[in-house]
Amino acid sequence: MIPLPDDFVVTPWEVSGDVDYDRLVEMFGTQRIGDELTSRLIKHTGEHQTMLRRGIFYSHRDMNLILDDHEKGNGFVMYTGRGPSGHTHLGHMMPWIFTKYLQDKFGVELYFQMTDDEKFLFGPDLTLKDTKNYAYDNALDVIALGFDKSKTRIFLDTEYSHMLYNIAMKVAKKVTFSTTKAVFGFTNSNNIGSIWFTSMQAAPAFLPSVLKEKNIRCLIPCAIDQDPHFRIARDVAEGIGYFKPALIHCKMLPSLAGSDKMSASLPTTSIFTTDSPEQIKKKIGNAFTGGAVSVEEQRQNGGNPDICSVYQYLYYIFEVDDSKLEERRRKCQAGEILCGECKGELTTQVTNFITDHQEKREKAKDVVEDFMLRD
Ligand code: TRP
């Protein structure tokens with residue numbers, strides 16, 4: 001078992017407590033995105049993208065090999081995914097927004113996995129029909145973000161099963177029960193589908209090489225909680241004839257309940273792409289902030305943006321202008337603005353974004369089939 005500290009938990013199925021992202025890099029054995037890699041990325045994209053600049057995408061494995069292959073003209077592909085256990089919320093979309101950015105800049109293909117099998121196997125209350133329905137619902141959000149139709153392929157594990165099963169078997173043969181116990185903390189009482197599942201999540205990393213009948217490097221942008229699956233995928237890759245998948249990891253968007261309660265995506269503390277303006281207003285209105293107990297006290301002592309979920313949402317997604325963000329931070333600390341003002345600003349930003357997204361989501365319904373990869 002990965003030696004996780006007592007004060008937080010990060011596994012592909014549970015994130016709770018106050019996550020120390022620096023320690024995660026050490027525990028998982030990944031690399032920080034340092035100056036050299038940053039310069040290379042800037043050289044290729046022509047800019048220092050906001051999520052990189054702010055350290056939201058902050059860790060990687062073999063990203064330099066991806067850029068080497070890009071420079072040599074060998075190309076690369078991307079793979080990411082979603083566990084369809086409910087509607088999509090902003091925290092899920094964050095890495096997809098970055099993935100879309102990379103697709104735009106590098107012009108590469110994206111393979112998008114919907115793990116409806118996973119959410120059935122691990123979710124006590126979900127039927128296979130539920131997870132399949134959510135997979136198609138969530139696919140609308142992926143499409144609405146504007147991924148290139150000619151370069152993006154979405155598939156469900158239970159539907160693209162002929163292809164995936166054949167790859168997953170090769171992975172599964174190389175992974176022992178003791179490895180899955182060590183990596184994921186499984187015990188004898190976990191169902192055997194869960195134990196097998198990591199081979200399904202590894203499979204798409206090799207899928208493009210199978211489809212193209214030649215090895216091509218694969219980059220997986222994802223939240224760092226998914227890294228354990230890909231550690232296994234990397235361990236088996238060369239043994240079954242493929243490149244180790246590369247990764248670029250992001251932190252997880254805190255919930256509106258505050259950064260120390262990042263766990264379960266509770267309906268009241270996450271903003272879903274299906275929320276109405278009233279729901280958005282209410283959720284942000286009830287969000288945890290770094291404000292003082294009274295107006296007088298806040299005017300006098302200021303607030304604390306570092307623990308404020310409203311500030312975090314602006315930092316992670318909604319305020320891309322560094323100087324405006326810095327000004328808000330300063331005013332908050334100086335007691336010049338109160339929480340209501342920041343909540344109002346965030347509500348406007350989120351409502352505009354979601355309203356626009358919902359229109360694109362409606363239009364996506366007509367083109368879903370164009371994105372689907374089928375046996
Ligand atoms: N297991 C992920 C989840 O629960 C979904 C997923 C599948 C994924 N393949 C992926 C996420 C690749 C990131 C990258 O959400």
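Residue positions are given per chain, counting from 1 as you read along its sequence in written order. A pLDDT threshold of at least 70 governs which residues receive local features in this predicted model, and a stricter bar of 80 or more applies before side-chain atom pairs are shown or counted, although totals over entire chains, interfaces and linings include all residues. Each side-chain value is worked out from all heavy atoms of the structure, with water and hydrogens disregarded.

## Section: the domain arrangement of the chain
For interface size, the figure often reported is the accessible area lost on association. Partitioning the chain into domains gives domain 1 (8–252) and domain 2 (267–363). In this entry, domain limits derive from an automatic or database-based domain assignment. One C-alpha centre belongs to domain 1, the other to domain 2; they are set 29 Å apart. The criterion used for residue contact is that any of the two residues' heavy atoms lie within 4.5 Å. Of the residues lining the interface, 18 residues belong to domain 1; the matching set on domain 2 comes to 22 residues. Surface buried jointly by domain 1 and domain 2 totals about 1800 Å² across both partners, of which 60% is contributed by carbon and sulfur atoms. Here the buried area means the combined drop in accessible surface, using a 1.4 Å probe, for two parts upon being joined, counting both sides. Summed over the three residues of domain 1 that lose the most area to domain 2, namely Arg54, Leu90 and Ala144, the buried surface amounts to 39% of that side.

## What to know about the pairing of strand 9 (residues 246–250)
Each residue gets one of three labels from its accessible area relative to the maximum for its type: buried under 20%, exposed over 50%, partly exposed in between, using a 1.4 Å probe on protein chains only. Comment: elements are numbered from the N terminus, with helices defined as DSSP H or I runs of at least four residues and strands as E runs of at least two. Of all five residues in strand 9, five are buried, a share of seventy percent or more. On strand 9, burial covers both faces: Ala246, Ile248 and Cys250 on one face and Leu247 and His249 on the other are all buried. Strand pairing follows a simple DSSP-based rule, namely that at least 2 bridges must link the two strands. One ladder, built from five bridges, connects strand 8 (residues 217–223) with strand 9; its direction is parallel. When the bridges of strand 9 are listed, Leu219 appears paired with Ala246.

## Observations regarding the packing of aromatic side chains
The criterion for an aromatic pair is that two Phe, Tyr or Trp rings (for Trp, the six-membered ring) have centres within 6.5 Å, with stacked assigned to planes under 30 degrees apart, edge-to-face to planes over 60 apart and tilted to the rest. For the structure shown, the criterion picks out 18 aromatic pairs. When the ring of Phe206 is compared with that of Tyr242, the centres are 5.1 Å apart and the planes differ by 15 degrees; the resulting orientation is stacked. A residue pair is termed long-range when its members are at least 10 positions apart, and Phe206 in the loop between helix 10 (192–202) and helix 11 (207–212) and Tyr242 in the loop between helix 12 (227–237) and strand 9 qualify at 36 residues. Residue class for Tyr242 comes out buried when judged on its relative accessible area of 12%. Here a set of aromatic residues connected by ring pairs shows up, and it is made of Trp13, Phe122, Phe184, Phe186 and Phe197. Counting as a charge over the ring demands two things of the Lys NZ or Arg CZ atom: a distance within 6 Å of the ring centre and an angle within 35 degrees of the ring normal. A cation over a ring is seen here: Arg231 above Phe28, with NZ or CZ 4.9 Å from the ring centre.

## Looking at the sheet that holds strand 5 (residues 76–82)
Within the open sheet, the seven strands sit side by side as 3-4-9-8-5-6-7. Their pairing is mixed. Of all the strands in the sheet, the pair left with one neighbour each is strand 3 (31–32) and strand 7 (152–156). Strand direction decides the pairing type here: strand 3 and strand 4 (residues 57–61), joined by two bridges, are antiparallel. Of the residues in strand 4, the one forming a bridge with Gln31 is His60. For helices, the axis comes from a line fit to the C-alpha atoms of the stretch in contact; other axes are also lines fit to C-alpha atoms, and the angle between any two N-to-C directions lies between 0 and 180 degrees. Sheet strands in contact with helix 5 (residues 90–106) are strand 4, strand 5, strand 6 (110–114), strand 7, strand 8 and strand 9, and its direction is about 165 degrees off that of strand 5.

## Details of the nonpolar core
In plain words, nonpolar cores are sets of buried Ala, Val, Leu, Ile, Met, Phe, Trp, Tyr and Cys residues tied together by side-chain atoms within 4.5 Å. Judged by nonpolar contacts, the single largest core of 74 residues is most densely connected at Leu24, Leu90, Ile154, Leu219, Ile271 and Val350. In terms of residues, this core owes the most to one element, helix 5, which gives eight residues. Domain assignment of the residues forming this core places at least three in each of domain 1 (8–252) and domain 2 (267–363). Listed in part, the 35 residues of the second largest apolar core include Phe155, Leu207, Val236 and Ile240.

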